[in-house]
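Chain by chain, the residues run as shown.
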Amino acid sequence: MIYSPDPLRQQVEKQSNGQRTIIYSPKGQPNYVFIVPRFNLETIDKNLGSGIHPAFIVNNKAIDAFFTLAILPVYGMAS
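The rules behind each value
Residues numbered from 1 in each chain as written. Predicted model: local features only at pLDDT ≥ 70, side-chain atom pairs only at ≥ 80, totals over all residues. Heavy atoms only, no water. Helix = DSSP H or I, 4+ residues; strand = E, 2+ residues; numbered from the N terminus. Buried < 20%, exposed > 50% of the residue type's maximum accessible area, 1.4 Å probe, protein only. Contact = heavy atoms within 4.5 Å. Salt bridge = Lys/Arg side-chain N within 4 Å of Asp/Glu carboxyl O.

S.K.: Run through the environment of Phe 39, naming residues and quoting values.
M.R.: Looking at the element boundaries, Phe 39 is found in the loop between strand 2 (30–37) and helix 2 (41–44). Residue class for Phe 39 comes out partly exposed when judged on its relative accessible area of 26%. Along the backbone, Phe 39 and His 53 are 14 residues apart, and their C-alpha atoms lie at a distance of 6.2 Å. The contact partners of Phe 39, leaving out residues within four places of it in the chain, are Ile 44, Gly 51, Ile 52, His 53 and Phe 56.

Below, the structure is given as structure tokens:
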């Protein structure tokens, strides 16, 4: 992954204390995402065991973090 700190990305990262960033779509549209840093199972609950949470194992390799879309709820929309 190539990291390019453009002005919007810098603003979002600064305002969120590094908890969110921007990933651009192929069409250049900004997608606001949360950065979920790697953590161990015992951080959640010692009864779960120990070691890296399985969400951070990809192709048998540990990753440092993953991104999840930051969606703001919209109230009052008809279903």
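S.K.: Just give me the short version of the pattern of salt bridges, but keep the residues and values in it.
M.R.: Within the structure shown, the criterion is met by two salt bridges. A salt bridge links Asp 6 to Arg 9, with the nearest nitrogen and oxygen atoms 3.8 Å apart. The shortest N-O distance in the salt bridge between Arg 38 and Asp 64 comes to 3.9 Å. Of this pair, Arg 38 sits in the loop between strand 2 and helix 2 while Asp 64 sits in the loop between strand 4 (61–62) and strand 5 (65–69), and the two are 26 residues apart along the sequence. Judged by its relative accessible area of 37%, Arg 38 is partly exposed. Overall, Asp 64 belongs to the exposed group, its relative accessible area being 62%.

S.K.: So what's going on with unusual backbone geometry? Which residues, and what values?
M.R.: Located in the positive-phi region is Asn 17, a residue other than glycine, with phi close to 55°. Examined against the element boundaries, Asn 17 turns out to sit in the loop between helix 1 (7–15) and strand 1 (20–24). The phi angle at Asn 59 is positive, at roughly 55°, despite the residue not being glycine. With respect to the secondary-structure elements, Asn 59 resides in the loop between strand 3 (57–58) and strand 4.

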